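Coordinates in review
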Amino acid sequence: MLKFLLKRVLLLLPGIAVATGDAASQARIENFAPDDPEMSAAIATARAGLPGFFQRFHAGEGERFSVKLAVPIKGTPDYEHIWMRIATIDDGKMVRGHLTNDPENLPGLRFGSAFSAPLSRISDWSYWKGGMQFGNYTTRVILKRLSPAEAEELGAHLSPWP
């Protein structure tokens, strides 16, 4: 089961769980099947865009660069997808930063925890430029499952194109 934990502006995934927002409280979980075609396509599209995202990060073309990471949930075949603000990308192999969500199923980790993961664990990416948020492919899928008011609030700063 893919679980998407919704916060206010960012996204987090187990099996797949996704969280949205810098507001680490107020969480709600949206579940997606591991083989959900729309979510799988969003993750594949986001991963295909990683080279351009990394180029923007290294060039400083934007701000608040974040990645969503698929983190294995101990004792299960599932993953929790959590957002992390990037501090560094080491040798094109590891990404390091601090979590911007409170994980639901990852004991010992919380909002602000230092974390690192291989680039292969990235399931989405995001950055801000000109008051708009770019990327967020999985967020755009989740918007379709929210009430109109929630979708409007969460999508208010999303760029019209990822």
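Refer to the structure printed above.
Residues numbered from 1 in each chain as written. Predicted model: local features only at pLDDT ≥ 70, side-chain atom pairs only at ≥ 80, totals over all residues. Heavy atoms only, no water.

Let us now look at the side chain of S159. Mapped onto the secondary structure, S159 falls in the segment after α4 (148-155). Excluding residues that lie within four positions of it along the chain, S159 makes contacts with M132, Q133, F134 and R140. (Helix = DSSP H or I, 4+ residues; strand = E, 2+ residues; numbered from the N terminus. Contact = heavy atoms within 4.5 Å.)

Okay, the pattern of salt bridges next. For the structure shown, the criterion picks out three salt bridges. Here R145 makes a salt bridge to D36, at a shortest N to O gap of 3.1 Å. In this pair, R145 sits in the loop between α3 (137-143) and α4 while D36 sits in the loop between β3 (28-32) and α1 (37-48), placing the two residues 109 residues apart along the sequence. Residue R145 is classed as partly exposed on the basis of its relative accessible area, which comes to 39%. Under the relative-accessibility criterion, D36 is labelled buried at 13%. For K144, the salt bridge is made with E38, and the minimal N-O distance between the two is 2.3 Å. Of the two residues, K144 is situated in the loop between α3 and α4 and E38 in helix α1; the sequence distance between them amounts to 106 residues. The class for K144 is exposed, based on a relative accessible area of 60%. (Salt bridge = Lys/Arg side-chain N within 4 Å of Asp/Glu carboxyl O. Buried < 20%, exposed > 50% of the residue type's maximum accessible area, 1.4 Å probe, protein only.)

As a further point, take unusual backbone geometry. The backbone phi angle of R64 is positive, close to 50 degrees, even though this residue is not glycine. Tracing the backbone through its elements, the reader meets R64 in strand β4 (residues 63-72). Judged by its relative accessible area of 37%, R64 falls in the partly exposed class.

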